[in-house]
Amino acid sequence: MRALLLETLYEWSKVPYQKYIKKDGAWNLSITDLLQYPETSLGFHLGCFLLKHSFEIQPKLESHDVYHVLTGTGISVPEEVSMQYYLWGNGKRSLYLYAVVVIGTLLYPDELRRFQKAFQRGRRALAFHQLNFLKLLDQPIQKLKTTFLIH
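Conventions adopted
Residues numbered from 1 in each chain as written. Predicted model: local features only at pLDDT ≥ 70, side-chain atom pairs only at ≥ 80, totals over all residues. Heavy atoms only, no water. Axes fitted to C-alpha atoms, helices over the stretch in contact; angles between N-to-C directions. Helix = DSSP H or I, 4+ residues; strand = E, 2+ residues; numbered from the N terminus. Parallel < 35°, antiparallel > 145°, perpendicular 65-115°, else oblique. Contact = heavy atoms within 4.5 Å. Nonpolar A, V, L, I, M, F, W, Y, C, P; charged D, E, K, R; others polar. Core = buried A, V, L, I, M, F, W, Y, C linked by side-chain atoms within 4.5 Å. Buried < 20%, exposed > 50% of the residue type's maximum accessible area, 1.4 Å probe, protein only. Expected span 1.5 Å × (residues − 1). Phe/Tyr/Trp six-rings, centres within 6.5 Å; stacked < 30°, edge-to-face > 60°.

Student: Mind showing me how you'd approach the packing of helix H4 (residues 62–71) against helix H5 (residues 77–89) here?
Tutor: Contact pair H4 / H5: the axes reach a minimum separation of 11 Å and the direction vectors enclose 85°. In terms of orientation, H4 and H5 fall into the roughly perpendicular class. Contacts from His64, Tyr67, His68 and Thr71 in H4 reach Glu80, Met83, Gln84, Tyr86 and Leu87 in H5. A breakdown of the residues in the contact of H4 with H5 according to their chemical character gives four nonpolar, four polar and one charged.

Here is the structure:
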């Protein structure tokens, strides 16, 4: 029930967030385009992630899936909340992030230890949340993880 509540809130908020909050333009790439990048690249790994989970590219929200790829965070609701904790620890600040952290913590108090660990992992990594990932799609994913201490 609590997962359904968070998923519903996400679906309601996604379009207004894309339209009014996100200032960056859409990448205008398809999954097929991403899979054309070298197999070791961020772009290829992003394409594989989207295929594996049967996801479509969400215009203006592409970085969200990149965060999943770089941090190795899963897609369950508690994992989504923990990824926001990770990004919070990494220095990202946004109303949306705070909303997910607060609501996720209230709905999943039993996951607090996981959330705290994710926050600490984000703090140990060098800030990467603000990068223009579109320009980094051709970069080796392992090089990005090593450079930014992403674990």
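Right, picking up where we left off after that structure.
Student: Just to check I follow, could you spell out the nonpolar core for this structure?
Tutor: In globular proteins that are soluble, nonpolar side chains generally tend to be buried together. Leu42, Leu46, Leu70, Phe128 and Phe133 are the most contacted members of the largest nonpolar core, which totals 34 residues. For this core, the secondary structure elements donating two or more residues are helix H2 (31–34), helix H3 (42–52), H4, H5, helix H6 (95–107), helix H7 (112–124) and helix H8 (141–147). Per-element accounting of this core gives the leading share, six residues, to H5. Apart from the residues lying within four places of it in its own chain, the contact partners of Leu70 are Leu42, Phe128, Phe133, Ile141, Leu144, Lys145 and Ile150.

Student: For this particular structure, what's the right way to read H5?
Tutor: Residues separated by three or four positions in an α-helix point in the same direction, a consequence of the helix having 3.6 residues per turn. Its 13 residues place the ends of H5 19 Å apart at the C-alpha level, agreeing with the 18 Å of an ideal helix rising 1.5 Å per residue. Of all 13 residues that make up H5, 10 are buried, and the element is covered over most of its length. Along H5, the residues that are buried comprise Val77, Pro78, Val81, Ser82, Met83, Gln84, Tyr85, Tyr86, Leu87 and Gly89. Residue Gly91 follows H5 closely and has a positive phi angle near 105°.

Student: Looking at this model, I keep getting lost on unusual backbone geometry. Mind explaining?
Tutor: One non-glycine residue, Asn28, adopts positive backbone phi at about 55°. The exposed category is assigned to Asn28, whose relative accessible area is 71%. The backbone of Leu149 sits at a positive phi, close to 55°, despite the residue not being glycine. Here Leu149 shows up in the segment after H8.

Student: I keep staring at the environment of Arg123 and nothing clicks. Help me out?
Tutor: Topologically, Arg123 is positioned in helix H7. In this structure the C-alpha to C-alpha distance between Arg123 and Tyr85, which are 38 residues apart in sequence, comes to 9.8 Å. Setting aside its immediate chain neighbours within four residues, Arg123 contacts Gly89 and Asn90.

Student: How should the packing of aromatic side chains be read in this particular structure?
Tutor: Evaluated as defined, the whole model comprises eight aromatic pairs. Between the aromatic rings of Tyr67 and Phe133, the centroid separation amounts to 5.7 Å while the plane-to-plane angle is 85°, which identifies the pairing as edge-to-face. Residue Tyr67 is found in helix H4, and its partner Phe133 is found in the loop between H7 and H8; the two are separated by 66 residues along the sequence. With respect to class, Tyr67 is no different from Phe133; both count as buried.

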